[in-house]
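Analysis of the macromolecular model
The chain contents come next:
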Amino acid sequence: MEEWEWCEWKEEERLEKEDDTEKTEIRLHFVGKRYYSRKSFVEEAQRLGVARAISPSHLKSVNWGDIIYLAEYEPEVESGRAIVFGYMRVDGVSIEASERVKKEATKEINIERTENVGERAIQRFCGGYFITAIAYVTDPLPRIAEVYERVAKKYGEKVKFLLNGSLTTFDQELVIDDVKFARGIVRVKVKVADLLEKEIEQAMKETGKQVIFIRDYQKRR
């Protein structure tokens, strides 16, 4: 390799390393266009809060107060593009499980108090369900996911989770290129300067830790 080629290669390597040090990893969730426009999603979230179906494995990767950025996906861009329009701050999880699974699992969860709410119908663009009770807990979300998944598996049953949170929208979109679409939570790196620090600090305030028990969750076909 010629000396000038070597110097050029080392300079590119140095710039790449500097660029990486200026980046931070965030968690991203795509809002599909099958059920929602951005406007309808924001309006629903402002009325009811955000509630997104999540797998047990992804639920184990988040905790109370975490920030999940919300984005629309543009597949027509060759490398894939995420248009981030806001974020949710995690403050609850909705759980649908059989009575025997709930009864056994709640014995392992630290519950401060429980509110029975009768049968509160919730209708969203993506589906509907009934809220039957709300429990205020102290356990971290990964433990709650682990307990319910383990107890359900013991009885050969499945449990459904919805990740709940409050919505904050951005005045200006954050565009992230070279992103592949995936369901659930996607981890991507962005420049620290691109993140709206003031809004993130506001989101890190203490949040209520709610486990919401639901039944008859029906996703729209």
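Further up the page is the structure itself.
A brief structural summary.

1. Let's talk about the nonpolar core
- Among the nonpolar cores identified, the biggest contains 40 residues, and Leu59, Ile95, Leu141, Ile144, Tyr148 and Leu163 are the most heavily contacted of them.
- The leading source of residues in this core is helix α5 (residues 141-154), at seven residues.
- Beyond its immediate stretch of four places on either side in the chain, Leu59 contacts Ile54, Val93, Leu141, Pro142, Ala145, Phe161 and Leu163.
- One finds Tyr87, Val179, Val186 and Val190 within the second-largest nonpolar core, a separate group that totals 17 residues.

2. A word on α5
- Taking 1.5 Å of rise per residue, the 14 residues of α5 would be expected to cover 20 Å, and the 20 Å separating its terminal C-alpha atoms lies within 8% of that figure.
- Burial in α5 covers these residues: Leu141, Ile144, Ala145, Val147, Tyr148, Val151 and Ala152. Down the axis of α5, the buried side of the element spans an arc of 165°, and every buried residue falls inside it. Away from its buried face by more than 90 degrees, α5 exposes Lys153 and Lys154.
- Just downstream of α5 lies Gly156, where phi reads positive at about 70°.

3. Side note on the side chain of Ser94
- Structurally, the position occupied by Ser94 is in strand β4 (residues 81-96).
- At a separation of 2.9 Å, a polar atom in the side chain of Ser94 contacts the side chain of Asn164.

4. Some points on empty space enclosed by the protein
- Counted by the stated rule, this structure contains two cavities of 30 Å³ or more.
- Volume-wise, the largest cavity comes out at about 70 Å³.
- What lines the largest cavity is His29, Arg52, Ala53, Ile54, Ile68, Met88, Leu163, Gly184 and Ile185.
- Looking at the lining of the largest cavity element by element, the count peaks at three residues for strand β2 (residues 50-54).
- Each residue belonging to the lining of the largest cavity can be placed in one class, and the counts come to six nonpolar, two polar and one charged.
- When its volume is computed, the second largest cavity comes out at roughly 30 Å³.
- Residue lining of the second largest cavity: Val31, Lys33, Tyr36, Ser37, Arg38, Phe41, Glu72 and Phe85, and that is the complete set.

5. Structural notes on the pairing of strand β1 (residues 23-30)
- The pairing of β1 with strand β8 (residues 186-191) spans six bridges and is antiparallel. What sits directly across from Glu25, in β8, is Lys189.
- Bridging between β1 and strand β3 (residues 67-74) involves three bridges; their strand directions are parallel. Bridging from a neighbouring strand, His29 pairs with Leu70 of β3.

Cut-offs and rules
Residues numbered from 1 in each chain as written. Predicted model: local features only at pLDDT ≥ 70, side-chain atom pairs only at ≥ 80, totals over all residues. Heavy atoms only, no water. Core = buried A, V, L, I, M, F, W, Y, C linked by side-chain atoms within 4.5 Å. Buried < 20%, exposed > 50% of the residue type's maximum accessible area, 1.4 Å probe, protein only. Helix = DSSP H or I, 4+ residues; strand = E, 2+ residues; numbered from the N terminus. Contact = heavy atoms within 4.5 Å. Expected span 1.5 Å × (residues − 1). Arc of directions from axis to C-beta. Polar contact = N/O pair within 3.5 Å; in protein donor to acceptor, adjacent residues only side chain to side chain. 1 Å grid on protein atoms, 1.4 Å probe; cavity = no way out; pocket = protein on both sides within 12 Å on 5 of 7 lines; lining within 4 Å. Points joined across faces, edges and corners; volume = space filled by probe spheres on them. Nonpolar A, V, L, I, M, F, W, Y, C, P; charged D, E, K, R; others polar. Pairing = 2+ DSSP bridges.

Read these as layout, nothing more, since geometry by itself doesn't imply function.
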